[in-house]
Amino acid sequence: MHIGPPSTLDARDNQARSRFHPARVATDTTASLASRDMTTDTTDTTDTTPTETATARTPAATESPTPTESRTPTPAATPAATRATTATPATDAATDLPIRRIDDVDTYEAAIPGLAELLVDAVEDGASVNFLAGLDAATAATWWRDRSAQVADGTITAFVATNAAGTILACTLLLRSPNPNSPHRAEIGKVLVHRSRRRHGLARSLMTAAEQAARNEGRWLLILDTQTGSDAEHLYRALGWHAFGEVPDHSLLTDGTLSPTTFFWKDLR
């Protein structure tokens, strides 16, 4: 997730772009459910400094998760064919920006240009979200496009915050564990908020939406990781996440400096 400069709260992909405008991104957690390459970066999830970007047209397929306390784990992710993607988007009272859920792969791919811009913005601001300084839009778009298949099969769901013009200002991913022995677990990754929208509560709103969606599916155990000492770390703690370990020299910051990473878990039951 990227929430602030180098230390972000929200730290630490193919072709359909017709309805979106480019924007900017910032967030990552490096613990991966489906694969380590899908690291959930949460160096940009600072509730105090959310980043936002990505000019993508509001996807028709949106859905605002309803908080339902589900204590019984639900097996695998809902089949793509049955997942709803047209529900009315929820508007966060604190930001007046709709948090939209993207389960449909076509809608997701149309949003890639904006998501790529958002990711570039995060890295330019020093967020530790899998990339080093100098990240370009094409490379960032490839990262998002590489996850299209997982959106299509229900492993990944994206959440985005857009303004009235349809510009993506913030995002995060819910990555469901694909393993038979962990139908109750998921991971939060790429919590990004554009620099122009930090400290507006977007990171907190995105986390709330992702957590509600997971809870509704019976995915009550969530994990994520972020740069130690970042704004994102403070946000997660404030949202009730529990740190269970710190790994020294875990990842490189955008300038190539080694930095520790803190891992978190949260029980939604």
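Quick caveat: nothing in here was measured; it's all calculated off a predicted structure. (Residues numbered from 1 in each chain as written. Predicted model: local features only at pLDDT ≥ 70, side-chain atom pairs only at ≥ 80, totals over all residues. Heavy atoms only, no water.)

Draft legend 1. Spatial organisation of a nonpolar patch on the surface. Together, Leu132, Leu252 and Leu258 give the surface a local cluster of nonpolar side chains, amounting to about 260 Å² of exposed area. Relative to the assigned elements, Leu258 resides in strand β10 (residues 258-267). The exposure class assigned to Leu258 is partly exposed, which follows from its relative accessible area of 49%. (Patch = residues over 30% accessible without salt bridge, like charges linked within 9 Å, V, L, I, M, F, W, Y side chains within 5 Å. Areas by Shrake-Rupley, 256 points an atom, 1.4 Å probe, with all protein chains shown as cover. Salt bridge = Lys/Arg side-chain N within 4 Å of Asp/Glu carboxyl O. Helix = DSSP H or I, 4+ residues; strand = E, 2+ residues; numbered from the N terminus. Buried < 20%, exposed > 50% of the residue type's maximum accessible area, 1.4 Å probe, protein only.)

Draft legend 2. Focus on the environment of Ser128. With respect to the helices and strands, the residue Ser128 is situated in the loop between α1 (105-124) and α2 (137-145). Considered as a pair, Ser128 and Ser259 are 131 residues apart in the sequence and their alpha carbons are 9.1 Å apart.

Draft legend 3. Broad picture of the pairing of strand β7 (residues 185-193). The buried fraction of β7 amounts to 8 of the 9 residues, a majority that puts the element mostly inside the structure. Bridge count for strand β6 (residues 168-176) against β7 is 6 bridges, and the pairing is antiparallel. Its bridge partner lying in β7, Leu175 is registered against Glu187. Direction of pairing for β7 relative to strand β8 (residues 221-227): parallel, over a ladder of 3 bridges. Along β8, the bridge assignment pairs Arg185 with Leu221. (Pairing = 2+ DSSP bridges.)

Draft legend 4. Examining helix α4 (residues 202-216) more closely. Helix length check: α4 (15 residues) gives 21 Å between terminal C-alpha atoms against 21 Å at 1.5 Å per residue, within 8%. Where burial is concerned, most of α4 is hidden: 12 out of the 15 residues are buried. Inspection of α4 places Leu202, Ala203, Ser205, Leu206, Met207, Ala209, Ala210, Glu211, Gln212, Ala213, Ala214 and Arg215 among the buried residues, and these make up the whole buried set. Among the residues trailing α4, Gly218 stands out with phi positive, at a value near 85 degrees. (Expected span 1.5 Å × (residues − 1).)

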